[in-house]
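Coordinate inspection notes
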Amino acid sequence: MAEVTLEDVSKIYGEDVVAVRDMNLDIKDGEFIVFVGPSGCGKSTALRMIAGLEDISSGKVFIGDNVVNDLPPRDRDIAMVFQNYALYPHMNVRENMGFALKLKKMDKAEIERRVDEAARILSIERFLDRKPKALSGGQRQRVALGRAIVREPKAFLMDEPLSNLDAKLRVQMRTEIGKLHNRIGVTTIYVTHDQTEAMTMADRIVVLKDGVVQQVDTPQVMYENPKNVFVAGFIGSPAMNFMRARLEKENGGYAATFGRTRIPLDRSAVGERGMDLGRYAGEEVVLGIRPEHIEDATLAEGAAIGSTNAPNTIEVEPQVIESMGSEKYLYFGIPQEQSVHLDSVAHMTGDSGVDGGGSADDFDEMLVARVSAESQARRGDRMLLALDASKIKLFDPETEQAIL
């Protein structure tokens, strides 16, 4: 095993197409780290530079203590797992898994030992004599993982290895990959566009946008404390809601207001950041709140109901209600002057659609609440939603950086 370090690594195609810009990252020995972001953000390019499949325009890549910029992939002691499995169709599973070791002229008995051990770990012993065409997608992916394991590399590099699997199998395989990592503990760099995979599998997540690292943190810290609008909107499903609000001083604290809604900010959340917020007093800010922090006011503990002027509540008319069994998603609009236009949010987050709800054409100005299944909300009926003030996030409308 080994640490992997990137120092000011950039990749530029031609004269001005920047795929990755000044990437700095220290990946610890045995860490499972996930690169995530929308298509074209540079995550696969970064992985391929670590693997040696892409030349580095500038900067240095270290594997262990060695600079590997000029080493070919075969000399970097890494193993890659691709989304298309890349299995040899004329070889059976045993031959596929042991092929790289055979090329190294490794002792036949050692090859057999390693293949058998990997097959046992991945529960594919009974498939060793089958050809790839006789395997399901999940079984083929296990073989691809086994081929990487037998090499006993310093690091695993995985480029969207589950993207070709159906939803149920993806859930199963990401659990298997997590168990595999816990068992063998090899440094793993995993690329995906699926933030759910990132949140459930990673020790730390690297969020990229337009080739630039936006934030590196543990999944929980990134969920609770996103550094900017892009990260806040990308991490979490359904995506965070954004509204334009005005920040006002109130009784020694602050309140965010939009339309008839006034949200006194949680004093413990503001804490020592109060001085930072002072410069925004009387100014417009971007308010963010996750769907799971909005509840039907009739069910919200401690919510003041019965008045459209009650603090922390907003009057809405749900236009679409999706019942998920254990919860409901309420899609609703608010007056245009109170919200960030969906096109603006798409610009901020790099996503032109509403997570779980459709495209901008389907849900213009649409926000979403993730409420209890017990809610009696009906489409088109007026109702109050209660917002959890302690979960409010505020962002600078110009820089899009977090201010609370």
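Note that this is a predicted model, so its numbers are computed, not measured.

**As for the overall build of the protein chain**
Each helix and strand in the protein chain was counted, giving 11 helices and 23 strands. Counting only residues that meet the buried cut, the protein chain has 50% of its 404 residues in that class. Within the protein chain, residue pairs in contact and separated by at least 24 positions form 71% of the contacts whose partners lie at least 6 positions apart.

**So, the pattern of salt bridges**
One pass over the full model with this rule turns up 19 salt bridges. Across the pair E110 and R114 runs a salt bridge whose closest N-O atoms are separated by 3.0 Å. Taken together, the positions of E110 and R114, both in helix 3 (residues 108–122) and 4 residues apart, correspond to about one turn of that helix. Owing to a relative accessible area of 24%, E110 belongs among the partly exposed residues under this scheme.

**With respect to the sheet that holds strand 16 (residues 313–316)**
Spatially, 3 strands are ordered 15-22-16 in an open sheet, and the strand pairing comes out antiparallel. Either end of the sheet is taken by a strand with one partner, and the two such strands are strand 15 (294–296) and strand 16. The sheet shows a mean angle of 35 degrees between the axes of neighbouring strands, taken without regard to direction. Sheet topology note: the strand 15/strand 22 (residues 383–387) ladder contains 3 bridges and is antiparallel. Looking at strand 22, one finds that I294 is bridged to L387.

**Digging into the nonpolar core**
Counting 46 residues, the largest nonpolar core has M97, I177, Y190 and V207 as its most contacted members. Top element by residues in this core is helix 3. It accounts for 6 residues. Setting aside residues no more than four positions away along its own chain, M97 makes contact with V115, A118, A119, I124, L128, V143, G146, R147 and V150. Core analysis: the next-biggest nonpolar cluster, separate from the first, contains 31 residues, L265, I289, L385 and L404 among them.

**Structural notes on the pairing of strand 11 (residues 241–250)**
When strand 11 meets strand 14 (residues 284–289), the two strands line up antiparallel, connected through 6 bridges. Within the sheet, the bridge partner assigned to R246 lies in strand 14 and is E284. Across 5 bridges, the pairing between strand 11 and strand 12 (residues 253–258) is antiparallel. Note on strand 12: the bridge partner recorded for K249 is Y254.

**A short note on helix 1 (residues 43–51)**
Think of an α-helix as turning once every 3.6 residues; residues three or four places apart then point the same way. When you tally the buried positions in helix 1, you get 7 out of 9 residues, the bulk of the element. Every buried residue belonging to helix 1 is among K43, T45, A46, L47, M49, I50 and A51, and all of these are buried. Among the residues trailing helix 1, G52 stands out with phi positive, at a value near 90 degrees.

**What to know about the packing of helix 2 (residues 93–103) against helix 4 (residues 137–149)**
At a minimum axis separation of 8 Å, helix 2 and helix 4 run at an interaxial angle of 35 degrees. Taken as a pair, helix 2 and helix 4 cross one another with a handedness that is right-handed. Where helix 2 approaches helix 4, its residues V93, N96 and M97 are matched on the opposing element by V143, G146 and R147. Across the contact of helix 2 with helix 4, the residue classes break down as 3 nonpolar, 2 polar and 1 charged.

**What about unusual backbone geometry?**
Look at the link from S237 to P238: it is a cis peptide, with omega at -5 degrees. Following the sequence through the fold, P238 ends up in the loop between helix 8 (229–234) and strand 11. A positive phi angle, near 45 degrees, is found at D22, a position not held by glycine. By the element assignment, D22 lies in strand 2 (residues 17–27). Here the phi dihedral of K105 falls at roughly 60 degrees; this positive angle occurs in a residue that is not glycine. Tracing the backbone through its elements, the reader meets K105 in the loop between helix 2 and helix 3.

Definitions and limits used
- Residues numbered from 1 in each chain as written.
- Predicted model: local features only at pLDDT ≥ 70, side-chain atom pairs only at ≥ 80, totals over all residues.
- Heavy atoms only, no water.
- Helix = DSSP H or I, 4+ residues; strand = E, 2+ residues; numbered from the N terminus.
- Buried < 20%, exposed > 50% of the residue type's maximum accessible area, 1.4 Å probe, protein only.
- Contact = heavy atoms within 4.5 Å.
- Salt bridge = Lys/Arg side-chain N within 4 Å of Asp/Glu carboxyl O.
- Pairing = 2+ DSSP bridges.
- Axes fitted to C-alpha atoms, helices over the stretch in contact; angles between N-to-C directions.
- Core = buried A, V, L, I, M, F, W, Y, C linked by side-chain atoms within 4.5 Å.
- Left-handed = near helix turned anticlockwise from the far one by under 90°.
- Nonpolar A, V, L, I, M, F, W, Y, C, P; charged D, E, K, R; others polar.

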